[in-house]
Amino acid sequence: MIIKKFFGKTEEEALEAAKKELGNGIVTMNVRTVKKKGLAGIFGSKRVEVTVALEEEKESLRSPRRETPVQAAPAAQSAAASGAGAAAARSLSGLTADSSRNIEKKLDSLQTLLVNRLQQEETVKAEQPERVQESSSGEDAAEKEPEKKQPSEQEKFIRLLYNTMLENEVDEKYANQIISEADKPEKPDVPIDFILASVYQKMILKFNKADGITPASKGPKVALFIGPTGVGKTTTIAKIASRYAVDEKKKVALLTADTYRIAAAEQLRTYANILEVPFQVVYTPEEASKAVEQFREYDYIFVDTAGHSHQNEEKLDGMKALLEAVGQHAEYQVFLVLSAVTKYRDLMKISSCYREITDYQLIFTKLDETSALGNILNIKLYTGASVAYVTYGQNVPDDIEPFNPQKTVKQLLSTKH
Ligand SMILES: Nc1nc2c(ncn2[C@@H]2O[C@H](COP(=O)(O)OP(=O)(O)OP(=O)(O)O)[C@@H](O)[C@H]2O)c(=O)[nH]1
Ligand SMILES: [Mg+2]
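Residues numbered from 1 in each chain as written. Chains lettered and ligands numbered in written order. Predicted model: local features only at pLDDT ≥ 70, side-chain atom pairs only at ≥ 80, totals over all residues. Heavy atoms only, no water.

1. Overview of the sheet that holds strand S4 (residues 221-226)
So, point 1. Across the sheet, 8 strands lie side by side as S6-S5-S7-S4-S8-S9-S10-S11; this open sheet has mixed pairing. Looking at which strands have only one partner, the edges of the open sheet turn out to be strand S6 (279-281) and strand S11 (400-402). Shown here is a sheet whose adjacent strand axes are inclined to one another by a mean of 20°, direction ignored.
So, point 2. Note that S4 and strand S8 (residues 331-339) share 6 bridges and pair parallel. Of the residues in S8, the one forming a bridge with Ile226 is Leu336.
So, point 3. Sheet strands in contact with helix H11 (residues 233-247) are S4, strand S5 (252-256), strand S7 (300-304), S8, strand S9 (361-365), strand S10 (387-391) and S11, and its direction is about 170° off that of S7.
So, point 4. Helix-sheet contacts for helix H13 (residues 285-294) involve S4, S5, S6 and S7, and the interaxial angle to S6 is about 165°. (Pairing = 2+ DSSP bridges. Helix = DSSP H or I, 4+ residues; strand = E, 2+ residues; numbered from the N terminus. Axes fitted to C-alpha atoms, helices over the stretch in contact; angles between N-to-C directions. Contact = heavy atoms within 4.5 Å.)

2. Quick look at the environment of Ala388
So, point 1. Locating Ala388 in the fold gives a position in strand S10.
So, point 2. Judged by its relative accessible area of 5%, Ala388 falls in the buried class.
So, point 3. Residues Ala388 and Tyr360, spaced 28 residues apart in sequence, show a C-alpha to C-alpha distance of 9.9 Å. (Buried < 20%, exposed > 50% of the residue type's maximum accessible area, 1.4 Å probe, protein only.)

3. Notes on the environment of Tyr283
So, point 1. Position of Tyr283 among the secondary structure elements: in the loop between S6 and H13.
So, point 2. The exposed category is assigned to Tyr283, whose relative accessible area is 58%.
So, point 3. Distance in space between the C-alpha atoms of Tyr283 and Thr256 is 8.5 Å, their sequence separation being 27 residues.

4. Observations regarding H13
So, point 1. The complete set of buried residues in H13 reads Ala288, Ser289, Ala291 and Val292. Looking straight down H13, one finds that the buried residues subtend no more than 160° of arc, so they occupy a single side. Exposed and facing more than 90 degrees away from the buried side of H13 are Glu286 and Lys290.
So, point 2. Residues of H13 that are buried sit in contact with S4, S5, S6, S7 and helix H14 (313-327). (Arc of directions from axis to C-beta.)

5. Focus: the sheet that holds strand S2 (residues 27-35)
So, point 1. Ordered in space as S1-S3-S2, the 3 strands form an open sheet in which the pairing is antiparallel. On the outer flanks of this sheet lie strand S1 (2-8) and S2, each paired with one strand and no other. Put simply, the sheet's adjacent strands are angled 20° from each other on average, direction ignored.
So, point 2. Pairing geometry for S1 and strand S3 (residues 46-54), over 7 bridges, is antiparallel. Counted as the bridge partner of Phe7 is Glu49 from S3.
So, point 3. Contacting S1, S2 and S3, helix H10 (residues 192-206) runs over the sheet at an angle of about 100° to S2.

6. Details of the site of ligand 1
So, point 1. If you check the shell around ligand 1, you find 19 residues, and the closest are Lys233, Thr235, Arg261, Asp368 and Thr391.
So, point 2. Gly232 places a main-chain nitrogen or oxygen 2.9 Å from an oxygen atom of ligand 1.
So, point 3. Interatomic distance of 2.9 Å between a side-chain N/O atom of Gln394 and an oxygen atom of ligand 1.
So, point 4. Contact with the protein chains removes 82% of the 650 Å² of surface that ligand 1 exposes when unbound.
So, point 5. Here the shell around ligand 1 is composed, by residue class, of 2 nonpolar, 10 polar and 7 charged. (Near = heavy atom within 4 Å. Polar contact = N/O pair within 3.5 Å; in protein donor to acceptor, adjacent residues only side chain to side chain. Areas by Shrake-Rupley, 256 points an atom, 1.4 Å probe, with all protein chains shown as cover. Nonpolar A, V, L, I, M, F, W, Y, C, P; charged D, E, K, R; others polar.)

7. Re the pattern of salt bridges
Think of it this way: side chains of opposite charge can pair up when their charged atoms draw near.
So, point 1. With the rule as written, the count across this model stands at 9 salt bridges.
So, point 2. Of the charged contacts in the structure, one is a salt bridge between Lys4 and Glu21, with a shortest N-O distance of 2.4 Å. A residue pair is termed long-range when its members are at least 10 positions apart, and Lys4 in strand S1 and Glu21 in helix H1 (residues 11-22) qualify at 17 residues.
So, point 3. On the basis of relative accessible area, Lys4 is assigned to the partly exposed category, the value being 30%. (Salt bridge = Lys/Arg side-chain N within 4 Å of Asp/Glu carboxyl O.)

This is the structure:
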């Protein structure tokens, strides 16, 4: 794995530079805004630093060539032992000095947390072998003792990462997959920050970047929000519509196809009034189609739909008809809104049912109501759909952000204690 920093005036510019040098296979590990050094910094000039990782060919990691940093291990080890510097020692792990410093900084607090926990677990375990010896009878125990192979520090650390994922409710299948795909150290003295960086990178790779709502190539872009009852579809539309109408000054219209409850339409109408954007209730797919036509000069049309049980086939058919009608006049994207609090098993059923009628991107709501975010990864991997937004509270328009894989992966590798 190569980890390297690139700079630019914007994130896109820095990523462009990274792609130029390393190709399209890069994964963004971290993005931050930094002040320029010297006078330029004083005058407020800022630039964006993007840390990217690139997976190297497996063969080159497992059986490194002479000129790779891993091959330089013995020399680096002795250099470190003789106090020649941590940078040389770190080249053991295949990270360059520059990149390792960077990744350490980014994951520092996370690693400290994990290491503390590792030490705590060891203290508890240290008492256990005595108890085992006390209870086991003489010869048998003595015979078995030499067979026991103590796990290395690295193995213990990998175990800890795995257990932390499970604690955060990552499905065992996916946790295993991530651990088995991550580069395992072949030398006992590989620093654990290499293991952490490798698992972290694998997890970010699993969350490929979502596009969110993109402008249409021609005419308005219609964004439809579907999902079970009460997950936060209407509230989420209000949050997103506010971003586009107020912050980006785009022409936005709101439609609701939720005609089952009067209060539901009124809820969105209220938000439309506050945002001073047009609002319409559409009772049939034909009306939806006409409304899209009517707002053809607009940039974005957000469509709210009725929440209902995903097992209600009749309503799912109605949804399909609505999508087809909208698609006649405009480009559209569908967002399946799911609550992060819903049980994994139910999320699987819901996402499968909606998959039968359309492709979608995911929005997870109510992150503020759970500390275990494993379901975001589980459902992302189960559906193959990308995650566009997460919401974390009832405040409109503040409690929403575009999905940030780096932040979520750090949370998935953090303990709740
Ligand atoms: N804690 C929390 N509550 C949220 C969030 N998003 C929405 N809610 C609340 O969840 C409740 C339901 O939100 P709605 O937006 O009406 O949900 P809906 O999916 O449109 O519901 P139906 O139209 O009945 O299917 C409201 O009380 C919202 O304030 C969130 O991110 N966190
Ligand atoms: Mg609603």
